[in-house]
Amino acid sequence: KIQQDFLNKNIVITAGGTQENLDPVRYLTNRSSGKMGYALAKVAQKRGANVTLISGVTKLSPPVGIEVKKVITTADMATTVKIAFEKADIMIMAAAVSDYRVANPAKQKVKKDNDHWLVDLVKNEDILKSLGKLKGKQILVGFAAETENLIANASKKMLAKNLDLLVANDVSRNDIGFGTDENEVTLLQPNQDAIQLKRANKDKIADKILDTILKIKN
Ligand code: PMT
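Quantities reported herein were computed from a predicted structural model and do not represent experimental measurements.

Caption draft 1: Focus on the UniProt feature "binding site: CTP" (unreviewed entry) in the protein. When the UniProt feature table is mapped onto this chain, "binding site: CTP" (unreviewed entry) is found at Asp-99, Lys-109, Phe-143, Lys-157 and Lys-161. With the annotated positions falling across 63 residues, the maximum pairwise C-alpha distance of 38.0 Å shows that they are not confined to a single cluster. Checked against the lining of the largest pocket, the annotated residues just named reduce to Asp-99, Phe-143, Lys-157 and Lys-161. For Phe-143, the position within the fold is in strand β9 (residues 139-146). Not counting the four nearest positions on each side in its chain, Phe-143 is found in contact with Met-36, Leu-40, Ile-92, Met-93, Ala-94, Leu-166, Val-167, Asn-169 and Ile-209. For Lys-161, the position within the fold is in the loop between α4 (150-160) and β10 (165-170). In this structure Lys-161 comes out as buried when scored by relative accessible area, which is 15%.

The following block contains the structure:
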């Protein structure tokens, strides 16, 4: 029997990737399928939580009975996340959020008249960082998608964004991270030893992330 150990807990989870338009036809995005965030939502619901899933573009269908808010751009994600954050007990940012948007998206489809097309990208809000500043009683969980120096880069993010837990994964590998059914993560918490979760199905990884969250006293 599944423990209902998240009963009456409001958990907000972001999943999937954002899209930033270049013109009405083309956009910048990333390789996130949404599987990690959707797994967290499914497992959290099974364990009794009230789950709000804020989802970028994905091919996945949401777990039945879960409220899904669809977003496209990082700006959309920021607005929706901040509203949901107010009522959250736990916030898990598993989405792959674009750090940049196109400064001047073209109003019409860009024609291929020139050999080069130079694009000016401007920085988006770091939503997780903003949440770290807004944080009250919420437990704030972030992810780190790194291709090198995993622990060093992830530790920096955990401290800089005032996180209670950071889930680090090496996205340079093709057997875990983006798009795969399995993941392998390192869990980092302030003043705690790192916890290494060996490669497993994303539902299993989600279960262990939730086990760790349950132990956080803030
Ligand atoms: O969706 P899948 O295909 O299953 O792949 C899973 C995953 C690899 C996407 C997931 O495990 C993961 O690593 N998600 C975080 C991806 C990411 O954007 O990592 P980052 O290191 O660039 O961002 C760090 C954290 O800040 C993340 O929690 C991110 O949600 C958040 N962020 C990032 C940029 C931004 N502008 N605002 C943010 O809030």
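Caption draft 2: Representation of the pairing of strand β1 (residues 10-15) in the model. Of all 6 residues making up β1, 5 are buried, and the element is well covered by its neighbours. Bridge count between β1 and strand β4 (residues 50-55): 6 bridges; the pairing is parallel. Paired with Ala-15 across the strands is Ser-55, a residue of β4.

Caption draft 3: Spatial organisation of the layout of surface pockets. Taken as a whole, the largest pocket spans an internal volume of roughly 790 Å³. Together, 35 residues line the largest pocket, and Ala-95, Ala-96, Val-97, Phe-143 and Ala-145 are the ones closest to its centre. For the lining of the largest pocket, the secondary-structure elements that each account for two or more residues are α1 (35-46), α3 (127-134) and β9. Grouping the amino acids of the lining of the largest pocket by side-chain chemistry returns 16 nonpolar, 12 polar and 7 charged.

Caption draft 4: Representation of the site of the ligand. The ligand sits among 29 residues. The nearest are Ser-33, Lys-157, Asn-169, Gly-179 and Lys-202. One nitrogen or oxygen atom from the side chain of Ser-32 is found 2.7 Å from an oxygen atom belonging to the ligand. Contact between the ligand and Ala-94: a nitrogen atom at 3.0 Å from a main-chain N or O atom of the residue. Protein chains bury 96% of the 770 Å² of accessible surface belonging to the ligand in isolation. Structurally, the ligand is housed in the largest pocket. Elements that contribute at least two residues to the shell around the ligand include exactly α1, α3 and β9. Among the elements that make up the shell around the ligand, the one with the highest residue count is β9 (4 residues). For the shell around the ligand, the class distribution of residues is 13 nonpolar, 9 polar and 7 charged.

Calculation criteria
Just so you know, the residues in each chain are numbered from 1, in the order the chain's sequence is written. Since the coordinates come from a predicted model, pLDDT governs what is reported: local features require at least 70, and pairs of side-chain atoms require 80 or more to be given and counted, while whole-chain, interface and lining totals use all residues. Derived side-chain values reflect all non-hydrogen atoms in the structure, with water molecules and hydrogen atoms excluded from consideration. UniProt positions are given in the numbering used here, feature names are shortened, and annotations may be inferred rather than shown by experiment. For cavity detection a 1 Å grid was placed over the protein atoms alone, and a set of points counts as a cavity when a 1.4 Å probe fits there but cannot get out; an open set counts as a pocket when protein lies on both sides within 12 Å along at least five of seven lines, with lining residues being those that have an atom within 4 Å of a point. Each helix is a run of H or I in the DSSP string that is no shorter than four residues. Each strand is a run of E no shorter than two, and both are numbered from the N terminus. Contacts between residues were defined by any pair of non-hydrogen atoms, one from each residue, lying within 4.5 Å. Buried, partly exposed and exposed residues are distinguished by accessible area as a fraction of the type maximum, computed with a 1.4 Å probe on protein chains only: under 20%, between the cut-offs, and over 50%, respectively. For two strands to count as paired, DSSP must find a minimum of two bridges between them. Grid points are joined across faces, edges and corners, and a volume is the space filled by probe spheres set on the points. Residue polarity follows a fixed list, in which Ala, Val, Leu, Ile, Met, Phe, Trp, Tyr, Cys and Pro are nonpolar, Asp, Glu, Lys and Arg are charged, and the others, Gly among them, are polar. Nearness is judged by heavy atoms alone; a residue qualifies as near a molecule or strand once a single heavy atom is within 4 Å of it. N or O atoms within 3.5 Å of each other form a polar contact, as long as, within protein, one can give a hydrogen and the other can take it, and as long as residues adjacent in sequence are counted only when both atoms are side-chain atoms. The Shrake-Rupley method, run with a 1.4 Å probe, gives the accessible areas here. Residue values count only the displayed protein chains as cover. Criterion for pocket placement: a molecule counts as inside a cavity or pocket if more than half of its atoms are within 2 Å of its grid points.

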